[in-house]
Amino acid sequence: MFFLMRRCVWVIVGSILFSAGSVFADNKTALPAHPGQDRMTVYTAMALLDVDEISSADQHFVANLFVVFRWTDDRLKHEGPGSVTMELSDVWNPKFIFVNQQKIWLSMPEVVTVSPAGEVLYQQRVWGPFSQPMDVRHFPFDMQAFEMRLASTTYTSEELMFVADTEMTSLVAEKLSLPDWGIIGWELDFSAYRPVQWAKGNASVAFIFHAERYVRHHLLKVVLPLILIVIMSWIVFWIDPAESGTQIGVATTSMLTLIAYRFMVG
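Computed from a predicted structure; not experimentally measured. (Residues numbered from 1 in each chain as written. Predicted model: local features only at pLDDT ≥ 70, side-chain atom pairs only at ≥ 80, totals over all residues. Heavy atoms only, no water.)

## Side note on the packing of helix 2 (residues 215-233) against helix 3 (residues 244-265)
Turning to step 1, where the next piece is worked out: Helix 3 packs onto helix 2 with a crossing angle of 165° between their chain directions and a minimal axis gap of 9 Å. One element, helix 2, and the other, helix 3, form an angle in the roughly antiparallel class. Seen from above, helix 2 lies across helix 3 with left-handed handedness. Contact residues: helix 2 offers K221, V222, V223, P225, L226, I229, M232 and S233, while helix 3 offers V250, T253, S254, T257, L258, Y261 and V265.
Turning to step 2, where the next piece is worked out: In terms of residue class, the contact of helix 2 with helix 3 is built from 10 nonpolar, 4 polar and 1 charged. (Axes fitted to C-alpha atoms, helices over the stretch in contact; angles between N-to-C directions. Helix = DSSP H or I, 4+ residues; strand = E, 2+ residues; numbered from the N terminus. Parallel < 35°, antiparallel > 145°, perpendicular 65-115°, else oblique. Left-handed = near helix turned anticlockwise from the far one by under 90°. Contact = heavy atoms within 4.5 Å. Nonpolar A, V, L, I, M, F, W, Y, C, P; charged D, E, K, R; others polar.)

## Notes on the pattern of salt bridges
It is possible for side chains of opposite charge to pair when their charged atoms get near one another.
Turning to step 1, where the next piece is worked out: Taken as a whole and judged by the stated rule, the model has 8 salt bridges.
Turning to step 2, where the next piece is worked out: Where K77 meets D74, a salt bridge forms, and the shortest distance between an N and an O atom there is 4.0 Å.
Turning to step 3, where the next piece is worked out: The exposure class of K77 is exposed, given its relative accessible area of 51%.
Turning to step 4, where the next piece is worked out: Of the charged contacts in the structure, one is a salt bridge between R213 and D142, with a shortest N-O distance of 2.5 Å. Taken as a pair, R213 in strand 12 (residues 202-213) and D142 in the loop between strand 7 (119-131) and strand 8 (143-156) lie far apart in primary sequence, 71 residues in all. Of the two residues examined, R213 and D142, each falls in the buried class.
Turning to step 5, where the next piece is worked out: Ionic contacts of the salt-bridge type, sharing partners, join the residues R70, E119 and D165 into one network. (Salt bridge = Lys/Arg side-chain N within 4 Å of Asp/Glu carboxyl O. Buried < 20%, exposed > 50% of the residue type's maximum accessible area, 1.4 Å probe, protein only.)

## A look at the nonpolar core
Turning to step 1, where the next piece is worked out: With 41 residues, the main nonpolar core has L48, L65, F69, F98, M148 and F207 as its most contacted residues.
Turning to step 2, where the next piece is worked out: Sequence-distant contacts of F69, defined by excluding residues within four places in its chain, comprise V42, Y43, T44, F96, V120, L121, Y122, L150, F162 and V205. (Core = buried A, V, L, I, M, F, W, Y, C linked by side-chain atoms within 4.5 Å.)

## Overview of the confidence of the model for the protein chain
Detailed reading of the predicted model is not advised wherever pLDDT is low.
Turning to step 1, where the next piece is worked out: A residue-level look at the protein chain finds 86% of positions with pLDDT of 70 or above and a mean pLDDT of 83.
Turning to step 2, where the next piece is worked out: Segment residues 1-6 is flagged for pLDDT under 50; beyond a separation of four residues in sequence, or across chains, it makes 0 contacts in the model.
Turning to step 3, where the next piece is worked out: Ignoring residues within four places in sequence, the model shows residues 8-30, a span with pLDDT below 50, making 1 contact including any to other chains. (pLDDT = per-residue confidence, 0-100.)

Printed below as a string of structure tokens:
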């Protein structure tokens, strides 16, 4: 009798736990699952607020970027009257990352605003260094393209599509902190992201800005000092040959100065 009662108790407890677990699982996956559309459209706008540094030696740049994503999820429609704020993790989202980030900091909370019509708005400001391979064979007369690419970690370009937002204009700030570079253009790129050639292309969007070095800056900081060092080495031709010690001293000083300058430029 005792055995039967104990068994009944365990069956009842197990049923309750199973039912509770099912409810929790349903609640957890109800919203983050794909909304069911064949191909989700995410409207995108980006603003380059500042570029703090471009390092050719370290092959990276430090940027301040403002990102806006907007999409519609009919499951989030509500009576309003105004928009409601929800955690980003509680709603479906493209699950994106910066693929070339080194270490970035987020300035705004990870939340979204949802309108009564189910339109979801996500805004974020990021700052930090991004990796960027640069070709410096024509230094200091080179031009480079710098990319900040966001890619979905879950959805391919056949399941998710990033498009430019017509209601919000992407832009570059009028004043940047770069002392020796000038921005000559920018663009949004929506090509699929493939970390390797044979990988399935993930949906992605990139803000790409093109910049060129200020040649005058490098003429004054790089070329002119080098010319002065070379001219200094010519002094040995005007020194009396009898003063061989002085000639050797000037030549040695010029060589050491050139070596130190080479390390500084490198």
